[in-house]
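Chain by chain, the residues:
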Amino acid sequence: MTPDPARPFGRLITAMVTPFSADGSLDTEGAAALATHLVDEQRHDSLILSGTTGESPTTTDAEKETLIRAVAEAVGDRVRIIAGVGTNNTAHTVELARAAEKAGAHGLLVVTPYYNKPPQAGVLKHFLGVADATGLPVMAYDVPHRTGVPIETETMVRLAEHPRIVAVKDAKGDIVATSDVLRRTDLAYYGGDDAGVLPWLAIGAVGVVGTSTHFVGARLKDMIEAYERGDVAGALALHRQLLPMLTGIFRTQGTILVKAGLRAQGLPAGPVRPPLVEATDAELNQLRQDATAAGVDL
């Protein structure tokens, strides 16, 4: 796989859930099977492992490495595997990054340090330190509603100077700030809000890091490709068709509903780990309604 510098991780990326066995242990066979489904049936270009949707706060460092190896063995020759390695401890993040590289990851997802709320100088030092630690390309994850700290525009411009910081998962929702960064850098932007991908394409984004894409990935990729070839009306029609699922997957915490939906389809998922809880019957019924409205069979 030779990545396109304009879209180093392709167009369609999913933050994959981490399948667990009934007893709560890591299900490597299930992870390999789910990854294969996402590649074969949902046309993915890349998969993120151990992101928030992958329940990274509750998986051990050893489990994260094992997961990468299992998925790399199953589909690593056909998609790019991006390892979520972000923590609020720079030294620990560096350790995870190096382990991910050894395990076969093709890239790193690094979130802004959370909870301890570093100043922008600390945010900059954190990302640069991780980018210096391996030879892998880095996608910076800007999601201040989770972390409490945004990556400010000037910080992002500085990060773009590093040769291995090549992309951004943008879940900040500030279209003006994103436009400014795109004007001033060559960073590849991926929409981190499923329902906001189409407007983000209009300002220069190249793809999506999605959650609902476990179910509608192939059609969302069609939307991106339609927009890129100038079929704006076709892209808008797909956006509107998919909107019930793009938004419905977040009626409660995304991992909860993705796993419930995958189980309904007979695909590997297993339970969630505490502090997450399983979807209620009412929540699953609502997800089925949202899926039906978007043309998805659950």
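Whatever comes next refers back to the structure up there.
Since the structure is predicted, the reported quantities are computational estimates derived from the model, not experimental observations. (Residues numbered from 1 in each chain as written. Predicted model: local features only at pLDDT ≥ 70, side-chain atom pairs only at ≥ 80, totals over all residues. Heavy atoms only, no water.)

### Focus: the overall build of the protein
Part 1: In terms of regular secondary structure, the protein is built from 12 helices and 8 strands.
Part 2: Relative to the 2.2 N^0.38 estimate, which gives 19 Å for 298 residues, the radius of gyration of the protein is 18 Å and therefore close to what a compact globule would have.
Part 3: Considering only C-alpha atoms, the protein reaches an extent of 45 × 45 × 35 Å along its principal axes.
Part 4: Residue burial in the protein is summarised as follows: out of 298 residues, 56% are buried.
Part 5: Counted over contacts in the protein with a minimum sequence separation of 6, partners at least 24 positions apart contribute 72%.
Part 6: Of the charged side chains in the protein, 27 are positive and 35 negative; the average position of the first set lies 3 Å away from that of the second. (Helix = DSSP H or I, 4+ residues; strand = E, 2+ residues; numbered from the N terminus. Rg over C-alpha atoms; globule rule 2.2 N^0.38 Å. Buried < 20%, exposed > 50% of the residue type's maximum accessible area, 1.4 Å probe, protein only. Contact = heavy atoms within 4.5 Å. Lys, Arg positive; Asp, Glu negative; His and termini not counted. Charge placed at Lys NZ, Arg CZ, Asp CG, Glu CD.)

### Here's the deal with the packing of aromatic side chains
Part 1: All chains considered together, the criterion is met by 0 aromatic pairs.
Part 2: Seen from the ring of Phe 20, Arg 273 lies directly overhead, with NZ or CZ sitting 4.1 Å from the centre. (Phe/Tyr/Trp six-rings, centres within 6.5 Å; stacked < 30°, edge-to-face > 60°. Lys NZ or Arg CZ within 6 Å of the ring centre and 35° of its normal.)

### Observations concerning the pairing of strand E4 (residues 107-111)
Part 1: By the criterion of burial, E4 is predominantly enclosed, with 5 of the 5 residues buried.
Part 2: Here E4 shows a buried face lined by Gly 107, Leu 109 and Val 111 and a second buried face lined by Leu 108 and Val 110.
Part 3: Pairing of strand E3 (residues 80-84) with E4 involves 3 bridges; the strand directions are parallel. Bridge pairing links Ile 82 to Gly 107 in E4. (Pairing = 2+ DSSP bridges.)

### Here's the deal with helix H9 (residues 213-228)
Part 1: The first and last C-alpha atoms of H9 sit only 19 Å apart over 16 residues, clearly below the 22 Å expected at 1.5 Å per residue.
Part 2: Maximum bend of H9: about 40°, positioned at Arg 219.
Part 3: Along H9, the residues classified as buried are Thr 213, His 214, Phe 215, Val 216, Gly 217, Ala 218, Leu 220, Lys 221, Met 223, Ile 224 and Ala 226. (Expected span 1.5 Å × (residues − 1). Bend = angle between axes of the 7 residues up to and from the residue.)

### Looking at the sheet that holds E4
Part 1: Reading around the circumference, E1-E2-E3-E4-E5-E6-E7-E8 is the order of the 8 strands in this closed barrel, with parallel pairing throughout. The average undirected angle you get between the axes of adjacent strands in this sheet is 25°.
Part 2: The pairing of strand E6 (residues 165-170) with strand E7 (residues 188-191) spans 4 bridges and is parallel. Counterpart to Lys 169 in the pairing with E7 is Tyr 190.
Part 3: Contacts from helix H2 (residues 61-75) reach strand E2 (46-49) and E3 within the one sheet, and its direction differs from that of E2 by about 165°. (Axes fitted to C-alpha atoms, helices over the stretch in contact; angles between N-to-C directions.)

### Describing the environment of Gln 253
Part 1: The residue Gln 253 is located in the loop between helix H10 (232-248) and helix H11 (254-264) in this model.
Part 2: Along the chain, Gln 253 and Val 277 lie 24 residues apart, while their C-alpha atoms are 9.4 Å from each other.
Part 3: Discounting chain neighbours no more than four positions away, the residues touching Gln 253 are Arg 146 and Leu 276.
Part 4: At a separation of 2.8 Å, a polar atom in the side chain of Gln 253 contacts the main-chain amide nitrogen of Thr 255. (Polar contact = N/O pair within 3.5 Å; in protein donor to acceptor, adjacent residues only side chain to side chain.)

### Some points on the packing of H9 against H10
Part 1: Running from N to C, H9 and H10 cross one another at 155°; their axes reach a closest spacing of 8 Å. By the criterion of interaxial angle, the relationship of H9 to H10 is roughly antiparallel. When the axes of H9 and H10 are compared, the crossing they make is left-handed. Of the residues in H10, those touching H9 at Phe 215, Val 216, Arg 219, Leu 220, Asp 222, Met 223, Ala 226 and Tyr 227 are Val 232, Ala 235, Leu 238, His 239, Gln 241, Leu 242, Met 245 and Leu 246.
Part 2: The residue inventory of the contact of H9 with H10, partitioned by class, reads 12 nonpolar, 2 polar and 2 charged. (Parallel < 35°, antiparallel > 145°, perpendicular 65-115°, else oblique. Left-handed = near helix turned anticlockwise from the far one by under 90°. Nonpolar A, V, L, I, M, F, W, Y, C, P; charged D, E, K, R; others polar.)

Keep in mind that these numbers describe shape and distance, not what the molecule does.
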